[in-house]
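Fold and contact review
For reference, the chains in residue letters:
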Amino acid sequence: MTILRKCARPLLASTFITGGYSALRNPEALAPAAEPVVRRINEQVPSLEKNPEQFVRINAGVQIGAGVLLALGRFPRLASFALAATLVPTTLAAHAYWTIDDPEERNQQKIHFYKNLSLLGGLAIAAADTHGKPSLAYRSQLAADRGRRGARRAGRNAQAAAARSVNDLGSAAHTVRKHLPVG
């Protein structure tokens, strides 16, 4: 792992760990803001948690767990995806600046909203990071190409073996006819 990754991942994860810890300690303060988002999510996925306070706790737990994993460089792609999944409802619940009338408060929430979009961009980069190795798509394509080449080679070898067998059979038949008494 390069020095850049060793430094960047904990920096990116720090906001999620501290924010998740704060939300976990005091979920009732965030529950009213989360309620409209939880209601909209429940319309789409009725089996999810309906209690906004519990939803805040679950979201906070995911942020802490995935944040720690990202900071330590353990499963960084999965951790980045998990953090991105928590960031979207958090941003919509806490920083819906378009619903605020007070210009000063609206401006503050707009700043936080775009900061979270920036974090989402950082998480997308972290999720796409392959540690300098080729991507999974590239490696899959390479394996498929190798498989196709191997199959073509096997087919050509089988055709050549079949042709040799036919030639050998023809030679054997010729030899047998040569040694048979003519009747």
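Shown above is the structure to which this text applies.
What counts, and at which threshold
Residues numbered from 1 in each chain as written. Predicted model: local features only at pLDDT ≥ 70, side-chain atom pairs only at ≥ 80, totals over all residues. Heavy atoms only, no water. Helix = DSSP H or I, 4+ residues; strand = E, 2+ residues; numbered from the N terminus. Rg over C-alpha atoms; globule rule 2.2 N^0.38 Å. Buried < 20%, exposed > 50% of the residue type's maximum accessible area, 1.4 Å probe, protein only. Contact = heavy atoms within 4.5 Å. Areas by Shrake-Rupley, 256 points an atom, 1.4 Å probe, with all protein chains shown as cover. Lys, Arg positive; Asp, Glu negative; His and termini not counted. Charge placed at Lys NZ, Arg CZ, Asp CG, Glu CD. Patch = residues over 30% accessible without salt bridge, like charges linked within 9 Å, V, L, I, M, F, W, Y side chains within 5 Å. Salt bridge = Lys/Arg side-chain N within 4 Å of Asp/Glu carboxyl O. Core = buried A, V, L, I, M, F, W, Y, C linked by side-chain atoms within 4.5 Å. Expected span 1.5 Å × (residues − 1). Axes fitted to C-alpha atoms, helices over the stretch in contact; angles between N-to-C directions. Parallel < 35°, antiparallel > 145°, perpendicular 65-115°, else oblique. Left-handed = near helix turned anticlockwise from the far one by under 90°. Nonpolar A, V, L, I, M, F, W, Y, C, P; charged D, E, K, R; others polar.

Scanning the chain for helices and strands turns up 6 helices and 0 strands. Relative to the 2.2 N^0.38 estimate, which gives 16 Å for 183 residues, the radius of gyration of the chain is 31 Å and therefore markedly larger than a compact globule would have. If you line up the chain on its principal axes, its C-alpha atoms span 115 × 45 × 30 Å. Here the chain holds 183 residues, and the buried ones make up 25% of them. Restricting the contact set of the chain to residue pairs at least 6 apart, pairs at least 24 apart contribute 61%. Summing over all exposed atoms, the chain offers an accessible surface of approximately 12,300 Å²; the carbon and sulfur share of this is 62%. Once the 24 positive and 12 negative side-chain charges of the chain are each reduced to a mean point, those two points are 24 Å apart.

Secondary-structure assignment places Gly61 in helix α3 (residues 52-72). Since its relative accessible area comes to 34%, Gly61 is described here as partly exposed. Considered as a pair, Gly61 and Asn42 are 19 residues apart in the sequence and their alpha carbons are 19 Å apart.

Time to look at a nonpolar patch on the surface. A cluster of nonpolar residues, Leu69, Phe75 and Leu78, forms a patch on the protein surface that exposes about 310 Å² of accessible area. Summarising the element assignment, Phe75 is placed in the loop between α3 and α4 (76-94).

Core analysis: the largest hydrophobic core is formed by 12 residues, namely Leu12, Ala13, Phe16, Ala66, Leu70, Ala79, Leu83, Ala84, Leu87, Leu119, Leu123 and Ala126. Counting residues per element, the ones that place at least two in this core are α1 (3-25), α3, α4 and α5 (103-128). If you tally residues by element for this core, the top one is α4, at 4 residues. Ignoring any residue separated from it by four or fewer positions in sequence, one finds Ala84 in contact with Leu120 and Leu123. Of all hydrophobic cores here, the second largest spans 6 residues; its members include Ala23, Ala34, Val38 and Val56.

With 26 residues, α5 ought to run about 38 Å at 1.5 Å a step, and its terminal C-alpha atoms sit 37 Å apart, in line with that. Where α5 is concerned, the buried positions are Gln109, Phe113, Asn116, Leu119, Leu123, Ala126 and Ala127. Of the surrounding secondary structure, the elements contacted by the buried residues of α5 are α1, α3 and α4.

It is worth spelling out the packing of α4 against α5 at this point. One way to put it is that α4 packs onto α5 with a least axis distance of 9 Å and a crossing angle of 165 degrees. Relative to α5, the element α4 lies roughly antiparallel. The two elements α4 and α5 cross, and the hand of that crossing is left-handed. Contacts between α4 and α5 involve Arg77, Ser80, Phe81, Leu83, Ala84, Leu87, Thr91 and Ala94 from the former and Gln109, Phe113, Asn116, Leu119, Leu120, Leu123, Ala126, Ala127 and Ala128 from the latter. Partitioning the contact of α4 with α5 into residue classes produces 12 nonpolar, 4 polar and 1 charged.

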